[in-house]
Amino acid sequence: MYDITIIGAGIIGSLIAHNLSKFDLKVLVLEKENDVAEGATGANSAMVHSGHDPKSGTLKAKYNLLGNRMFPDLCKELQVEYLKVGAYVVATSPEEEETLEGLIKNCQDRQIPYDVMGGTEARIHEKNLSDNVTKALSLPTTGIICPWEVSIAAVEEAILNGVELKLDYEVTKIRKEDGKFIINDEIETKVLINCAGVHVDDITNMLRKSPYKVEARKGEYFVFDRLNGTYVRRVIYPTPSAKGKGVLAVPTIHGNVLLGPNSDFTADKEDNTTSDGLDYIRREINKTMKNIPYNKMIHTFAGLRPHIDLNDFYIKEDDQIENFIHVAGIESPGISSAPAIAKDVVEGIVIPKFTESKVKEEYVRRRPFIDMRHMSEEQINELIKKDPDFGKIICRCEKISKGQIKDVIHRECGARTIKGVKMRCRPGMGRCQGGFCEPEVLKILSEELHEDVKNIKLDRDGSNVFMANAKEDL
Ligand SMILES: Cc1cc2nc3c(=O)[nH]c(=O)nc-3n(C[C@H](O)[C@H](O)[C@H](O)COP(=O)(O)OP(=O)(O)OC[C@H]3O[C@@H](n4cnc5c(N)ncnc54)[C@H](O)[C@@H]3O)c2cc1C
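Residues numbered from 1 in each chain as written. Predicted model: local features only at pLDDT ≥ 70, side-chain atom pairs only at ≥ 80, totals over all residues.

(A) Quick look at the overall build of the chain. A count of helical and extended segments in the chain gives 13 helices and 22 strands. In summary, the chain has a C-alpha radius of gyration of 22 Å against a globular reference of 23 Å for 474 residues, a match within 12%. Once the C-alpha set of the chain is aligned to its principal axes, its extents read approximately 65 × 55 × 45 Å. Of all 474 residues assigned to the chain, the portion counted as buried reaches 49%. For the chain, long-range pairs separated by at least 24 residues make up 73% of all intrachain contacts whose partners lie at least 6 apart in sequence. (Helix = DSSP H or I, 4+ residues; strand = E, 2+ residues; numbered from the N terminus. Rg over C-alpha atoms; globule rule 2.2 N^0.38 Å. Buried ≥ 20, exposed ≤ 12 C-beta atoms within 10 Å, placed from the backbone. Contact = placed C-beta atoms within 7 Å.)

(B) Structural context of the domain arrangement of the chain. Here the chain is partitioned into domain 1 (1-81 + 143-213 + 309-368), domain 2 (87-140 + 216-303) and domain 3 (372-473). Taking only C-alpha atoms into account, the centre of domain 1 sits 28 Å from that of domain 2. Facing 18 residues of domain 1, the contacting portion of domain 2 comprises 25 residues. Grouping the amino acids of the side of domain 1 that touches domain 2 by side-chain chemistry returns nine nonpolar, six polar and three charged. (Domains from an automatic or database assignment. Nonpolar A, V, L, I, M, F, W, Y, C, P; charged D, E, K, R; others polar.)

(C) Layout of the nonpolar core. Membership of the largest hydrophobic core comes to 108 residues, with the highest contact counts inside it found for I16 and I193. Residues from two domains meet in this core; each of domain 1 (1-81 + 143-213 + 309-368) and domain 2 (87-140 + 216-303) gives at least three. If we skip the residues at most four places from it in the chain, I16 touches I6, I193, C195, A342, V345 and V346. In this structure, I394, V421, V441 and I456 belong to the second largest nonpolar core, which totals 17 residues. (Core = buried A, V, L, I, M, F, W, Y, C linked by C-beta atoms within 7 Å.)

(D) Focus on the site of the ligand. Not every one of the 39 residues close to the ligand is listed here, only the nearest: G10, G39, G197, G219 and G334. The residue makeup of the shell around the ligand, split by class, is 17 nonpolar, 15 polar and seven charged. (Near = placed C-beta within 6 Å.)

(E) Seen up close, the sheet that holds strand β4 (residues 82-83). Here we have three strands laid out as an open sheet, ordered β3-β8-β4, and antiparallel in their pairing. Looking at strand neighbours, the two that pair on one side only are β3 (47-48) and β4, the edges of this open sheet. Relative to strand β8 (residues 143-145), β3 runs antiparallel, the two being bridged by two bridges. Across the sheet, V48 pairs through a bridge with G143, a residue of β8. (Pairing = 2+ DSSP bridges.)

(F) Molecular detail of the environment of A91. Inspection of the secondary structure puts A91 in strand β5 (residues 87-91). As for A91 and E164, which are separated by 73 residues in sequence, their C-alpha atoms are 48 Å apart. If we skip the residues at most four places from it in the chain, A91 touches E96, E97, L100, T134, K135 and T239.

Structure below.
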């Protein structure tokens, strides 16, 4: 029997598992997809918001602020990238300038560092800001991360310290008997933590009538090639409206630029982009930005926000079922809040149930991903001397070597799909979007996993058409 079982390996489940791996407890993570971070955590703006925006008194406001302060240390601990790039919230009319005043008040009340400047000064720092911008609220503590890298790193380290992960494991049935939960008639656990993103209500309904209902709110994006700070250096928000934070321009930690998202409720919980959604982004971004380099656009994607009808995060032990913990409604700012939510769930709710449990004396640190972009020539030569595959470039756009691909396959929670490799070390993320390197990545996965190419999946849907064609080419 497990002490604790976590349903869902998004950033919330992953960081809860990571926190729990520091204690001598038997912990299991169940994930229905074939990799970590396949839900909202894999498709978002990747920002650590400063905490200026959520309504006062909400859990969103509390955890966003705390999470923003925790992120630099967490990323250092997990050895993943974090960049404090800062942000401007910009106004283009007297009404929007008035809305900025409310955000300034939030900054003052919450002790968030800020600055205010006119449009002309803001354009000195961000040359592609629209000429319509009249005022900007600068938020220097805004950060950017790679959310799936944080989740993968957290799960890797959790596994190194004894946590079990079952992928491709969909929870379809739960009952509680003799003080323990029985999942899918086979897994027994004392405590059950529900971090199932857009499916949290489905999980809760397996045990009782859910006190909340999830609706998926889609957000779509354009992705631009690596512009490395030449187009936009910090995050640009429009002034927020009833629909949320609005359409942003966001530099990513890998040097790309995102434009988006929109925010539309969707009944089907499918994360495909639509021409209507992308047209909306094109229209909205013109309000805050100019000279948009559409000739550098390489990709579009969409993510689903798990919005609950209570309009705030819902984080608590169930009031009818002991040891059943809800971590529900984790829409934006869920990434920014994740470290603080995980800490509170573990230290505030779970650990007090295990009074005998102790912090482990020995804790194993993960090895960081091998990122040759940040290495000197000597370091690269040293790597190639150890394994010549570090000298074989597979992805020409992102300059990723065979050695790096092999490394991400042979790790705890290693890559099993083409997308899994792409998420960990980026072949296919560049301007050709995998047109040249995907068959090569497939071949490496097949060789390293000793699997026929037909059995290697492209992504979570595992479309095999590409595999069949690729096999002919190999
Ligand atoms: C468009 C968009 C932009 C966003 N931008 C930001 C941002 O810039 N900053 C920010 O702070 N937040 C942002 N967010 C919010 C953030 O992405 C989410 O709050 C966060 O990723 C939620 O993490 P999670 O772990 O709760 O959910 P998820 O990442 O969705 O993980 C839930 C997991 O549960 C699994 N699961 C579901 N049902 C089952 C089952 N029956 N059995 C087993 N496993 C199951 C799923 O497969 C999934 O992997 C954005 C969200 C979207 C969609």
